[in-house]
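Notes for the structure review
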Amino acid sequence: MFRKILIANRGEIAVRVMRACRELDIATVAVYSEADAAALHVRLADEAYLLGPAPSSESYLRIERIIEAARASGAEAIHPGYGFLAENAEFARACAAAGLTFIGPSPEAMELMGSKTNARRAAIAAGAPVVPGTTEALNSAEEARATAARFGYPVMLKAAAGGGGKGMRLVAGADEIAEAFTAAQSEALAAFGDASVYLEKAVERPRHIEIQIFADAHGHTVHLGERECSIQRRHQKVIEECPSPIDDPALRAAMGASAVGVARAANYVGAGTVEFLVSDVTREFYFLEMNTRLQVEHPVTELVTGIDLVREQIMVAAGHTLSFTQDDVEWRGHAIECRVYAEDPDNNFLPSPGRITHLRVPAGPNVRDDGGVYAGAEVSIYYDPMISKLAAWGRTRDEAIARMRRALAEYTVGGIKTTLPFFREVVRDEEFIAGRLDTGFIERFNQRRAAAAATAALNARDAEAKEAAGESDAPARESEDAAADSVRDIAIIAAALAETQNAPATTNGSQRAATEPPSRWRIAGRTAQQRSRDLF
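Calculation rules
- Residues numbered from 1 in each chain as written.
- Predicted model: local features only at pLDDT ≥ 70, side-chain atom pairs only at ≥ 80, totals over all residues.
- Heavy atoms only, no water.
- Helix = DSSP H or I, 4+ residues; strand = E, 2+ residues; numbered from the N terminus.
- Buried < 20%, exposed > 50% of the residue type's maximum accessible area, 1.4 Å probe, protein only.
- Contact = heavy atoms within 4.5 Å.
- Areas by Shrake-Rupley, 256 points an atom, 1.4 Å probe, with all protein chains shown as cover.
- pLDDT = per-residue confidence, 0-100.
- Salt bridge = Lys/Arg side-chain N within 4 Å of Asp/Glu carboxyl O.
- Pairing = 2+ DSSP bridges.
- Axes fitted to C-alpha atoms, helices over the stretch in contact; angles between N-to-C directions.
- Arc of directions from axis to C-beta.
- Polar contact = N/O pair within 3.5 Å; in protein donor to acceptor, adjacent residues only side chain to side chain.

**A look at the overall build of the chain**
Of regular secondary structure, the chain possesses 17 helices and 22 strands. With 536 residues in all, the chain has 49% of them scored as buried. Intrachain contacts of the chain at a sequence separation of at least 6 include 65% that bridge at least 24 residues. Only carbon and sulfur atoms are counted for the fraction: they give 52% of the accessible area of the chain, which is about 24,300 Å².

Written as structure tokens, this is what we have:
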């Protein structure tokens, strides 16, 4: 087993890996940029090494600096987390050349599955169903138009070299193809250094469902079921669930077998995720891509299966076999995760960097918060604005939703805007509660919000108009109301007097004389009692 591991990442995932290392009694090494000198992952590590200035290109993406830090610290292995260099084959090769174990798949597997067109070919060879589309990059907008006409609109243009919504365009008709092709190429080049774009037929009302797979170097490959990842903004996941609200064992088994076949075709070792599009109309599923790393949303799988995926990554990288078989995997209950971003949901989810002035993290039964910040921490403009992942587990989906509502209500972050208010609304949305999810959910949700706000504004305006129209009659109504109140008061007092004078014998046998006037406090009490009866 490793004695020391360097985590080549930052934020909540670096903290998550450190926790797994601590449980295995492995020392941890953090790396950081100048902007992250006081970050939580730096504070929690056993030792930490500065990589360089704040921009990731000068710090977290500097392979040679990370290797130097590993050598200086005496680390034996490097965990890349996700993002940054996690799916960089050259980084994995540099680790091997330096005598370090890269906790992840082989460079060859990363290269094969990292190219979307190569991955499609591998999936087809493995017998996985794929969305009709091209297996080679398109050379021109004209070729894209001809290809789209062959498959039929709508179609999706996608970057061949990466994912995360970068270089992706939905094209509804031939008149949009040229502009969409140019935009997709430009965005792909900026994001991945490769302008290659391919085309797929758009799936009707698609759900984005992924299968978690795990493989060791001894020939064992298993799947741990699905995660529902359909709630997305700008093609980025924001809420994930395990299992999918579809919760169809037959569909899970078919998708799991397909994912395992893809992983075996790539000679894959480690944790990986095979992503599919599932038609919400036909329940047909299609291979989308494979992520050759740990996923952001892995906590929901851990909560439902009880398997620590990060611990398993470390054990497999150290040469151990998987600690479980396919028959050992059981899915108990339901888990939901919300990605908490430093973003303003009322301003098109624009980033909201700054200092966190106050932080209260929810707790209690079956609530988990994987955070990477603290009160007083600075949310930088240089990196992804996700500050934590809040997950809740329940015996049923309804119970998990109720628990998530409670946790979201407890969660407070001061000093910056976050997506917490957005999530508080979503978990009370009728479509969400009913499990009617697809990748168009947020668009429809925003439309419902806008319609509800417009209706409320209209009702408020009508109420104001009615109130203004009735102001001229107010003095007369007030006079009538005062007269009515006086009559009612007199009637109440009279009734109270009559009841008091005709009262029955008291408990000690004495009786009030009919001619004896009642005391004022008794009259007041009777009057108050009658008033309360009138009110209720």
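Now that the structure is up, let's keep going.
**As for the confidence of the model for the chain**
Overall, the prediction assigns the chain a mean pLDDT of 89, with 88% of residues at 70 or greater. Overall, residues 493-536 carries pLDDT values under 50, and its contacts beyond four positions in sequence, including any with other chains, amount to 20 contacts.

**Some points on the pattern of salt bridges**
Applying the stated criterion across every chain, the model contains 45 salt bridges. Between R16 and D308 there is a salt bridge, and its shortest N-O distance comes to 2.8 Å. Of the two residues, R16 is situated in helix 1 (residues 11-23) and D308 in the loop between helix 10 (298-305) and helix 11 (309-317); the sequence distance between them amounts to 292 residues. You can call D308 partly exposed: its relative accessible area is 21%. Between E378 and R355 there is a salt bridge, and its shortest N-O distance comes to 3.3 Å. In this pair, E378 is assigned in strand 20 (residues 378-379) and R355 in strand 17 (residues 354-355), connecting sequence segments 23 residues apart. For R355, a relative accessible area of 48% translates into the label partly exposed. By sharing partners, the salt bridges in this structure join E210, R227, K237, E240, E275, E297 and R339 into a single network.

**A look at the sheet that holds strand 2 (residues 27-33)**
The five strands lie next to each other as 3-2-1-4-5, forming an open sheet whose pairing is parallel. Lying at the two open borders of the sheet, with one neighbouring strand each, are strand 3 (47-52) and strand 5 (101-102). Pairing analysis gives five bridges linking strand 2 to strand 3, with the strands arranged parallel. When the bridges of strand 3 are listed, S33 appears paired with G52. Sheet strands touched by helix 3 (residues 63-73): strand 1 (4-7), strand 2, strand 3 and strand 4 (77-79). Its angle to strand 3, the strand with the most contacts, is close to 155°.

**Examining the pairing of strand 6 (residues 155-159)**
The buried fraction of strand 6 is high, at five of five residues. Residue alternation in strand 6 divides its side chains into two sets, V155, L157 and A159 and M156 and K158, and both sets are buried. Relative to strand 7 (residues 169-171), strand 6 runs antiparallel, the two being bridged by three bridges. Counterpart to M156 in the pairing with strand 7 is L170. Two elements, strand 6 and strand 8 (residues 197-201), share five bridges in a ladder whose sense is antiparallel. Among the inter-strand pairings, K158 is bridged to a residue of strand 8, identified as Y198.

**Let's talk about helix 6 (residues 116-125)**
Among the residues making up helix 6, those that are buried are K116, T117, A119, R120, A122 and A123. For helix 6, the elements touching its buried residues are helix 5 (107-114), strand 6, strand 8, helix 9 (249-265) and strand 13 (285-291). Backbone geometry just after helix 6 places G127 at a positive phi near 85°.

**Comments concerning helix 4 (residues 89-97)**
Within the sequence span of helix 4, burial applies to A89, F91, A92 and C95. Looking straight down helix 4, one finds that the buried residues subtend no more than 165° of arc, so they occupy a single side. For helix 4, the elements touching its buried residues are helix 3, strand 4, strand 5 and helix 5. Capping of helix 4 at its N-terminal end is provided by N88; its side-chain oxygen lies 2.9 Å from the backbone amide nitrogen of E90. Looking at the residues trailing helix 4, positive phi occurs at G99, about 80°.

**A word on the side chain of R16**
R16 gets classed as buried once you look at its relative accessible area, which sits at 8%. A polar contact is formed between the side chain of R16 and the side chain of E302, at a distance of 2.8 Å. Separated by 2.8 Å, the side chains of R16 and D308 make a polar contact. When near neighbours in sequence (up to four residues on either side) are disregarded, R16 contacts H298, E302, D308, V310, R368 and D370.

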